[in-house]
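Here is what each chain is made of, one letter per residue.
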Amino acid sequence: MALQFHQFSYMSDNYGVLIHEPSTGETAMVDAGDAASSLAALKDTGWALSHILITHHHGDHTAGLPEVKAATGATVIGPSNASIKNVDERYGDGDEFVFAGHVCRCIHTPGHTLDMLNFYFPDDGVIFTGDTLFTLGCGRVFEGDKPMMWASLKKLIALPAETVVYSAHEYTLANARFALSVDPGNSALQRRTLDFEQMRERGEATSPTTMAEEMETNPFLRAADPTIRAHLGLEGASDEAVFAEIRTRKDNF
Ligand code: ZN
Ligand code: FE
């Protein structure tokens, strides 16, 4: 059956997501940053947690893991190249596992951290990108370097345009202000920014998004765009160098 999704917020700007397969009753949660919010989301939905999918080691994604695992007995899946405690099954780039009859392909997207794993359900057309790709943004590069982050984003650019993208933070209005500074003439970006301002006033989440919308408006995916290149004076540069310049400008924005 079709997967069902329940997104909930925690801390100041984090999102967690429950993934539910109604025919088997199995439920996975992406990350476990805060035990109380995670357990509240399970109570709200009435869903019983069977799996936890950990994207990376940062505390806002893992701090609640011991308590949620103890409370639910869920099987914990996480990146193979990290020493995160309480992980039962560890996977790397291209590894697949089956959640409730649905194939999940792990995509390693290092840059923000070296362990970052994204969870892609190809038959369902949905991906959980952690702190790699956000609505109108991308993660700050902490442990890797900018060429590494660009190589990771290229793996996401290769996904089908209709792919639905759930990310882990609500940073969209700040991302939009920056995006307009490097791509001011982009009418789709202008339109989305107005939509997002209204959504945030109503308290609505701006995640999930789609790869198609991000390819049209997210400057971190648009290093090949001639208008952005001209705006930056980088017409002859590599895509990697254009991405690096955009990321550097965001860091200093
Ligand atoms: Zn992080
Ligand atoms: Fe985070």
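The structure this text deals with has already been given above.
Since this is a predicted model, take the numbers as computed values, not measurements. (Residues numbered from 1 in each chain as written. Chains lettered and ligands numbered in written order. Predicted model: local features only at pLDDT ≥ 70, side-chain atom pairs only at ≥ 80, totals over all residues. Heavy atoms only, no water.)

## Some thoughts on the overall build of the protein
Counting its regular elements, the protein contains 9 helices and 14 strands. Computed over the C-alpha atoms, the radius of gyration of the protein is 18 Å, within 12% of the 18 Å expected from 2.2 N^0.38 for a compact globule of 253 residues. For the protein, the spread of C-alpha atoms along the principal axes amounts to about 55 × 40 × 30 Å. The 253 residues of the protein split such that 53% are buried. Long-range pairs, those at least 24 residues apart, make up 58% of the contacts in the protein with a sequence separation of at least 6. Of the roughly 10300 Å² of accessible surface on the protein, 50% is carried by carbon and sulfur atoms. Charged side chains in the protein number 19 positive and 35 negative. The centres of these two groups are separated by 5 Å. (Helix = DSSP H or I, 4+ residues; strand = E, 2+ residues; numbered from the N terminus. Rg over C-alpha atoms; globule rule 2.2 N^0.38 Å. Buried < 20%, exposed > 50% of the residue type's maximum accessible area, 1.4 Å probe, protein only. Contact = heavy atoms within 4.5 Å. Areas by Shrake-Rupley, 256 points an atom, 1.4 Å probe, with all protein chains shown as cover. Lys, Arg positive; Asp, Glu negative; His and termini not counted. Charge placed at Lys NZ, Arg CZ, Asp CG, Glu CD.)

## A closer look at the coordination of the iron ion (ligand 2)
Every protein donor of the iron ion (ligand 2) is listed here as Asp 60 (OD), His 61 (NE2), Asp 131 (OD) and His 169 (NE2), and their distances to the metal cover 2.1 to 2.3 Å. The coordination sphere of the iron ion (ligand 2) comprises 4 donor atoms, whose angles at the metal cover 85 to 169°; the geometry is irregular. Read in sequence order, the donor residues coordinating the iron ion (ligand 2) give the pattern D-H-x69-D-x37-H. Separation of the iron ion (ligand 2) from the zinc ion (ligand 1) amounts to 3.1 Å, with Asp 131 serving as a shared donor to the pair. You'll find Asp 60 and His 61 in the same group, each marked buried. (Donors = N, O, S within 2.8 Å, 3.2 Å for Na, K, Ca; no water. Tetrahedral: all angles 85-135°; square planar, octahedral: opposite > 155°, others 65-115°.)

## Quick word on the layout of surface pockets
Here the largest pocket is characterised by a volume of approximately 200 Å³. Along the wall of the largest pocket there are 15 residues; nearest its centre are Phe 134, Cys 138, Gly 139, Arg 140 and Tyr 171. For the lining of the largest pocket, the secondary-structure elements that each account for two or more residues are α5 (172-182) and α9 (239-251). In terms of residue class, the lining of the largest pocket is built from 5 nonpolar, 5 polar and 5 charged. (1 Å grid on protein atoms, 1.4 Å probe; cavity = no way out; pocket = protein on both sides within 12 Å on 5 of 7 lines; lining within 4 Å. Points joined across faces, edges and corners; volume = space filled by probe spheres on them. Nonpolar A, V, L, I, M, F, W, Y, C, P; charged D, E, K, R; others polar.)

## With respect to empty space enclosed by the protein
In total, this model carries 1 cavity of 30 Å³ or more according to the counting rule given. Of the volumes computed, that of the largest cavity is approximately 60 Å³. As for the largest cavity, its lining consists of Tyr 15, Gly 16, Val 17, Val 30, Asp 31, Thr 55, Phe 128, Thr 129, Gly 130, Tyr 166, Ser 167 and Ala 168. Here the lining of the largest cavity takes 3 residues from strand β2 (residues 14-20), the largest share from any one element. When grouped by side-chain class, the residues that make up the lining of the largest cavity number 6 nonpolar, 5 polar and 1 charged.

## A word on the sheet that holds strand β14 (residues 209-210)
For sheets, the rule is that strands pair by backbone hydrogen bonds, running either parallel or antiparallel. Strands sit in the order β7-β8-β9-β10-β13-β14 across an open sheet of 6 strands; the sheet is mixed. Only two strands of the sheet have a single partner each, and these edge strands are β7 (96-99) and β14. (Pairing = 2+ DSSP bridges.)

## A short note on the pattern of salt bridges
Applying the stated rule across the entire model yields 13 salt bridges. Where Asp 225 meets Arg 222, a salt bridge forms, and the shortest distance between an N and an O atom there is 3.4 Å. Its relative accessible area of 13% is what places Arg 222 among the buried residues. Of the charged contacts in the structure, one is a salt bridge between Arg 229 and Asp 239, with a shortest N-O distance of 2.7 Å. Of this pair, Arg 229 sits in helix α8 (residues 226-232) while Asp 239 sits in helix α9, and the two are 10 residues apart along the sequence. Salt bridges here are not isolated pairs; linked through shared partners, they connect Arg 140, Arg 247 and Asp 251. (Salt bridge = Lys/Arg side-chain N within 4 Å of Asp/Glu carboxyl O.)

## Some points on the coordination of the zinc ion (ligand 1)
Distances from the zinc ion (ligand 1) to its protein donors, His 56 (NE2), His 58 (ND1), His 112 (NE2) and Asp 131 (OD), fall at 2.2 to 2.3 Å. Around the zinc ion (ligand 1) sit 4 donor atoms; with metal-centred angles ranging over 86 to 171°, the donor geometry is irregular. Counting the intervening residues between successive donors of the zinc ion (ligand 1) yields the motif H-x1-H-x53-H-x18-D.

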